[in-house]
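Here's the letter readout for the chains.
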Amino acid sequence: MQYYSLNHNAPKVSFSEAVIKGIAPDRGLYFPEHITRLPQSFFEQIEDLDNVEIAYQAIQQFVGDEIPEPELRAILADVLNFEFPVIEIEDNIGALELFHGPTMAFKDVGARFMARCLGYFNKDNDDHVTVLVATSGDTGGAVANGFLGVKGVDVVILYPTGKVSNIQEKQLTTLGQNITALEVDGVFDDCQDMVKTAFLDKDITKNKQLTSANSINVARWLPQLFYFLFAYKQVKNKGKDIIFSVPSGNFGNICAGIVAHQLGMPIKQFVASTNVNDTVVRYLETSKYDPKPSKATISNAMDVGDPSNFIRIQKLFNNNFEVLKNTFSAYSFNDQKTREAMQKVYKKANYVTDPHGAVGYLGLMKHGINENEYGIFLETAHPVKFLDVVEDTLDTTVEIPPQIKKVIGKEKKSVPIKSYKEVKEFLLQ
Ligand SMILES: *Cc1c(COP(=O)(O)O)cnc(C)c1O
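Residues numbered from 1 in each chain as written. Predicted model: local features only at pLDDT ≥ 70, side-chain atom pairs only at ≥ 80, totals over all residues. Heavy atoms only, no water.

A.B. asks: What am I meant to see in the pattern of salt bridges here?
C.D. replies: Between side chains of opposite charge, pairing is possible as soon as their charged atoms come close. Taken as a whole and assessed by the stated rule, the structure comprises 21 salt bridges. The closest approach of N and O atoms between Arg339 and Asp392, which form a salt bridge, is 3.4 Å. Of this pair, Arg339 sits in helix H16 (residues 335-349) while Asp392 is found in helix H18 (residues 387-394), placing the two residues 53 residues apart along the sequence. Lys421 is paired through a salt bridge with Glu425; the nearest N and O atoms lie 3.7 Å apart. On the criterion of helical spacing, the pair formed by Lys421 and Glu425 is a turn pair, its members being four residues apart in helix H20 (residues 420-428). Of the residues examined, Lys421 reaches a relative accessible area of 59% and is grouped as exposed. Take Glu425: its relative accessible area is 46%, and that puts it in the partly exposed class. (Salt bridge = Lys/Arg side-chain N within 4 Å of Asp/Glu carboxyl O. Helix = DSSP H or I, 4+ residues; strand = E, 2+ residues; numbered from the N terminus. Buried < 20%, exposed > 50% of the residue type's maximum accessible area, 1.4 Å probe, protein only.)

A.B. asks: Help me understand the pairing of strand S1 (residues 2-5) in this model?
C.D. replies: In this structure, S1 lies alongside strand S2 (residues 13-14), joined through two bridges in antiparallel fashion. If you follow Gln2 over to S2, its bridge partner there is Ser14. Here S1 pairs with strand S3 (residues 30-32) via three bridges, running antiparallel. The residue bridging Tyr4 from the neighbouring strand is Phe31, located in S3. (Pairing = 2+ DSSP bridges.)

A.B. asks: How should I be thinking about the sheet that holds S1 in this particular structure?
C.D. replies: In a beta sheet, neighbouring strands pair by backbone hydrogen bonds and run either parallel or antiparallel. With antiparallel pairing, three strands are arranged side by side in an open sheet as S2-S1-S3. With one partner strand each, in any of the chains shown, S2 and S3 form the two edges of the open sheet.

A.B. asks: Please clarify how the side chain of Asn178 should be interpreted in this entry.
C.D. replies: Within the element layout of this structure, Asn178 appears in the loop between helix H7 (166-173) and strand S8 (179-184). The buried category is assigned to Asn178, whose relative accessible area is 12%. A polar atom in the side chain of Asn178 sits 2.9 Å from the backbone nitrogen of Gly149. In this view, Asn178 contacts Phe147, Leu148, Gly149, Val150, Val153, Asp154 and Val155; residues no more than four positions away in its chain are not counted. (Polar contact = N/O pair within 3.5 Å; in protein donor to acceptor, adjacent residues only side chain to side chain. Contact = heavy atoms within 4.5 Å.)

A.B. asks: How do you make sense of the packing of helix H6 (residues 138-147) against H7 when you look at a structure like this?
C.D. replies: For any two helices packed against each other, one specifies the crossing angle of their axes together with the interaxial distance. As a packed pair, H6 and H7 sit with axes 8 Å apart at the nearest point and diverge in direction by 30 degrees. If you check the angle between H6 and H7, you find them roughly parallel. Judged by the sense of rotation from one axis to the other, the crossing of H6 with H7 is left-handed. Mapping the contact onto sequence places Asp138, Gly140, Gly141 and Ala144 in H6 and Gln168, Gln171 and Leu172 in H7. The residue makeup of the contact of H6 with H7, split by class, is two nonpolar, four polar and one charged. (Axes fitted to C-alpha atoms, helices over the stretch in contact; angles between N-to-C directions. Parallel < 35°, antiparallel > 145°, perpendicular 65-115°, else oblique. Left-handed = near helix turned anticlockwise from the far one by under 90°. Nonpolar A, V, L, I, M, F, W, Y, C, P; charged D, E, K, R; others polar.)

A.B. asks: Sorry if this is basic, but what is going on with the sheet that holds strand S12 (residues 328-332) here?
C.D. replies: With mixed pairing, six strands are arranged side by side in an open sheet as S4-S5-S13-S10-S11-S12. At either end of the open sheet lies a strand with only one pairing partner, and these are strand S4 (86-90) and S12. Taken over all neighbouring pairs, the strand axes of this sheet differ in orientation by 25 degrees on average, direction set aside. Pairing of strand S10 (residues 241-247) with strand S11 (residues 269-274) involves five bridges; the strand directions are parallel. Within S11, the residue paired with Pro247 across the bridge is Ser273. Taken strand by strand, helix H13 (residues 279-286) contacts S11 and S12, and its axis lies near 125 degrees from that of S12. In this fold helix H17 (residues 355-367) packs onto S4, strand S5 (93-97), S10, S11, S12 and strand S13 (373-379), with an angle of close to 160 degrees to the strand it touches most, S13.

Take a look at the structure:
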């Protein structure tokens, strides 16, 4: 499979090049040249297939022959070794739990897949890649865990001091080996700016192959389509029209769901649910894309003012606004509404949502689900990742799962950073 830049000013590349480069030289996002529908029989018989088989059939065309079948299957078996249950919390409403992986966020799937692909590409050479990533919380932990010990890959994570939760900080600062955490005196936007500056800094790029591990990288973005298929397999026999609500920040997750739809998966509607960072909601109302600086909320993994994957979503709908509006809607909710939804679900169904999942639930409610429909919202992180907000809102305690207990006792190691100059010195040392 060849990938082209959505800025149309860079050469086409193979899957491996797209993964290693992360972003095209013209700063465009890579996009697959073709998306070929899977045979009807795949969806008719999906309940007979295990998750690894489903994932293999879905991703094979995007990888092509660059990873041979046995190795690709082995990578998938390793990446997908946990559960993706749809938990019914009301009639015709289910939560797709994506938090059963090692860092308890959906980002484990993409981060682990990307790490194993890079490891495969580096196995017979001495090439070195530096993964540089800014995090407001969940990305850092998933990337650190996914890339730990991968040959030929160094990971450098920038995070804003005092702005990530205690558990999230432990997840990204305690692993050691090929993982380094830079603790930046600033906010998330400062970390993101430093990463962007480094990617454009010729002193660095002529010495080092840098790549990104957020959802602009095709190997982090595309595997996120797997669990839309896993959800379909679980609810298909209800015989209802399926509506997905995806709590969205950079819109990588929902964009992968739309790819699953284009592979032939029957989905009636996509609902993008956001917090008050509502750039896409306003776009659907006005047809003008007008990004704004991000605002801080309790669903902070979605505090994004200019979602990087929205351009891919527009492309998936052939840049046709009317076509997009047929199957794609978007709603925005403030923190007050989010807390009320968490309380309502807890009271009615005795189910604890994290603030992001609660925004997804609100999206389904606003869209409305009739008796012929089944609504699924993505529960993108375990409530323990946002412990303070959850315990405060629900007036309850959340039990700490074993994955989290393991890191809480470990010693934090980070490199303090005051300015871009120090990041540059670190990368060049
Ligand atoms: C990253 C993240 C999101 C947003 O996902 P996008 O793919 O960026 O839209 C939502 N919820 C949680 C918990 C996250 O970590």
